Amino acid sequence: MPLFPPLDADARNALERLPEALHKIWPLNAAHRRSLPEDVAALSRLLTTERRDLRHPYWSSPAFVSAYLYYFLPWNLLRLARLLAALPLPDPRALAPAGGEALLLDAGSGPLSLPLALWLARPEWREAPVRVLALDSAARPPELGKALFAAWGACLGWKTWSVRTAQGPLENMARQAAPLLAGRDGARPCRPWLITAANVLNELRPGRKTGGGRQTWDEGGEDPDGSDGDRQSGPLAERLDGLLEAFAPLLFRRGEPCSGGAEAAPALLFVEPGTRLGGNTIMRLRALALEGGLAALAPCPHNAACPLLSGQGGRTWCHFTFDSRDAPDWLQRLSTEAGLPKSGLSLAPLLLGPDAANAPAAGRGPGLPARVLSAPFPVPGLAGKARYACMAYGLALLEDAEALASGGLLPVRLNPDAPRDAKSRARIVRRPRPQLSAKP
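Heads up: these notes are all about the structure in this document. (Residues numbered from 1 in each chain as written. Predicted model: local features only at pLDDT ≥ 70, side-chain atom pairs only at ≥ 80, totals over all residues. Heavy atoms only, no water.)

## Some details on the environment of P179
Point 1. Relative to the elements of secondary structure, P179 occurs in helix α8 (residues 173-181).
Point 2. On the accessibility criterion, P179 (17% relative accessible area) is buried. (Helix = DSSP H or I, 4+ residues; strand = E, 2+ residues; numbered from the N terminus. Buried < 20%, exposed > 50% of the residue type's maximum accessible area, 1.4 Å probe, protein only.)

## Re helix α2 (residues 18-25)
Point 1. All of the buried residues along α2 are L18, A21, L22 and I25. Within α2, the buried residues cover an arc of 100° as seen down the axis, which keeps them to one side.
Point 2. In the core, the buried residues of α2 are packed alongside α1 (9-16), α4 (62-84), α7 (140-156) and α11 (329-337). (Arc of directions from axis to C-beta. Contact = heavy atoms within 4.5 Å.)

## Focus: empty space enclosed by the protein
Point 1. Applying the stated criterion to the full structure yields one cavity of 30 Å³ or more.
Point 2. As a volume, the largest cavity reaches approximately 160 Å³.
Point 3. Taken together, 17 residues make up the lining of the largest cavity; nearest its centre are R286, C300, C306, C318 and C390.
Point 4. If you list the elements that add at least two residues to the lining of the largest cavity, you get α10 (276-291) and β10 (344-353).
Point 5. Residue composition of the lining of the largest cavity, by class: 14 nonpolar, one polar and two charged. (1 Å grid on protein atoms, 1.4 Å probe; cavity = no way out; pocket = protein on both sides within 12 Å on 5 of 7 lines; lining within 4 Å. Points joined across faces, edges and corners; volume = space filled by probe spheres on them. Nonpolar A, V, L, I, M, F, W, Y, C, P; charged D, E, K, R; others polar.)

## Brief notes about unusual backbone geometry
Glycine aside, the phi torsion of most residues is negative, and most peptide linkages are trans.
Point 1. In this chain, A298 is followed by P299 through a cis amide linkage whose omega measures -5°.
Point 2. By the secondary structure assignment, P299 is in the loop between β8 (295-298) and β9 (320-323).
Point 3. Positive phi, close to 60°, is recorded for N199, a residue that is not glycine.
Point 4. Note on placement: N199 falls in the loop between β4 (190-198) and β5 (208-209).
Point 5. Unusually for a residue other than glycine, D400 sits at a positive phi of about 50°.
Point 6. Counting through the fold element by element, D400 comes out in the loop between β14 (394-398) and β15 (409-412).

## Re the nonpolar core
Point 1. L84, L87, L118, W152, W161 and W193 are the most contacted members of the largest nonpolar core, which has 101 residues in total.
Point 2. Element by element, the count of residues in this core is highest for α4, at 16 residues.
Point 3. If near-sequence neighbours (up to four positions away) are discounted, W152 is found in contact with A14, L15, R17, L18, A21, L77, L116, W119 and L120.
Point 4. Core analysis: the second largest hydrophobic core is formed by 38 residues, L250, L288, A289 and L294 among them. (Core = buried A, V, L, I, M, F, W, Y, C linked by side-chain atoms within 4.5 Å.)

## Structural notes on the environment of E272
Point 1. By the element assignment, E272 lies in strand β7 (residues 267-273).
Point 2. Linking E272 and L347, residues 75 residues apart in sequence, is a C-alpha distance of 6.0 Å.
Point 3. Those residues in contact with E272 that sit more than four places away from it in its chain are A198, N199, V200, L201, N202, G278, I282, L347 and A348.
Point 4. From its side chain, E272 meets the backbone nitrogen of L201 in a polar contact 3.1 Å long. (Polar contact = N/O pair within 3.5 Å; in protein donor to acceptor, adjacent residues only side chain to side chain.)

## Remarks on the side chain of T196
Point 1. Position of T196 relative to the elements: it lies in strand β4.
Point 2. We classify T196 as buried; its relative accessible area is 0%.
Point 3. For T196, the side chain forms a polar contact with the side chain of D106, separated by 2.6 Å.
Point 4. Not counting residues up to four positions away in its chain, the partners in contact with T196 are L104, L105, D106, A107, L114 and L269.

## Considering the packing of aromatic side chains
Aromatic rings in a pair are described by how distant their centres are and how their planes are angled relative to each other.
Point 1. As enumerated under the stated definition, the model contains 13 aromatic pairs in all.
Point 2. Judged by centre distance (6.2 Å) and plane angle (85°), the rings of F149 and W161 are edge-to-face. Note that F149 is positioned in helix α7 and W161 in the loop between α7 and β3 (162-167), a separation of 12 residues in sequence. The pair F149 / W161 is uniform in exposure class, with both members buried.
Point 3. Taken together, the ring pairs in this structure connect W119, W125, F149, W152, W158, W161 and W193 into an aromatic cluster.
Point 4. Looking at R122, its charged tip hangs above the ring of W125, at a distance of 4.2 Å from the centre.
Point 5. Stacked on the ring of W75, the Lys or Arg K342 has its end atom at 5.7 Å from the ring centre. (Phe/Tyr/Trp six-rings, centres within 6.5 Å; stacked < 30°, edge-to-face > 60°. Lys NZ or Arg CZ within 6 Å of the ring centre and 35° of its normal.)

Treat this as a map of the structure, not an account of what it does.
Here it is, written out as structure tokens:
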């Protein structure tokens, strides 16, 4: 079962036509079109190698707004849409109250990247009674995303969801949602459906203090107290725990009737870049969420302790990589012109829910679900190239697994006496050998 299935023809066509909608909300003249590749490269450097120079929001620069909308946003839409197409999300039609709407709460929304990707990836929900609450620390990005949503829907002839924007920190989501949940300010009554936060957990990372007491960006990706990705303590853990606590009132709402009955429950989705920092942050967040009573619904195939967080696999972190085959031609050309061609995309996602009954079953036995984690690599003594896979009992090392896709879910039978890999301590899962028939 793939984690990142290809997009359908309608979604691919929609991405091809995205520049039509972008031109309606942020048109480029001839000079801006010529400078766009250079602007994209400059913003890429600012967000990566030159991040310490990011003293002011790049949304105040028209050139950087163009670069983000025409390059970074489309790539984010593709990444997220490939993920959201198959992720086991709750059905908004089952969670909407009678005569009301299911509420998608997007924290750190930017230009509505995740709501747009979800609308693109799940055609069965485009007609559903959904309202989006887009919260961001800056006012301009969600307003641009709201305008793009309307323009893109008009270009394609697709129905769009209602959008309300709000400005403030991520932790204020429950307060910002209160009028919508109560059906005030002329809105139909809403019920939480999905709370999302994509590419924003790095904003929770505390900076180091300089001699003058000024907070600075922590370029090293470590907490000021020196804690590493295996420790569930320190400033980052406190901020992650605080964010989960702030979202809890939206997940654990009692006594609210909905179309799907008592078993329907909202979910909480985090998506971070597939970098070491992003993957380690997601791993730490998962541990804190399970301690707080939430269940990991996907992509984790179990709710046992994370084997990577406990040190199995060495410095491996939880992330998945997939191809960029669905990228439209215009985006591929722009990427090449900017010197940023892409052959692969990576993500570190985590879907949580308040109902453990919907979580993957843990335990031992034949055919346990396993999620393929790593790229293929050679291991002495094993046939072909191996891949790591995550299972309820810990980390597995799959022999001859090069043909398996990163993120794929498959049943694995583990022999009770399976040996462990000397380096990673993962249990080795040998490729089944064909049985030779006896000669007549």
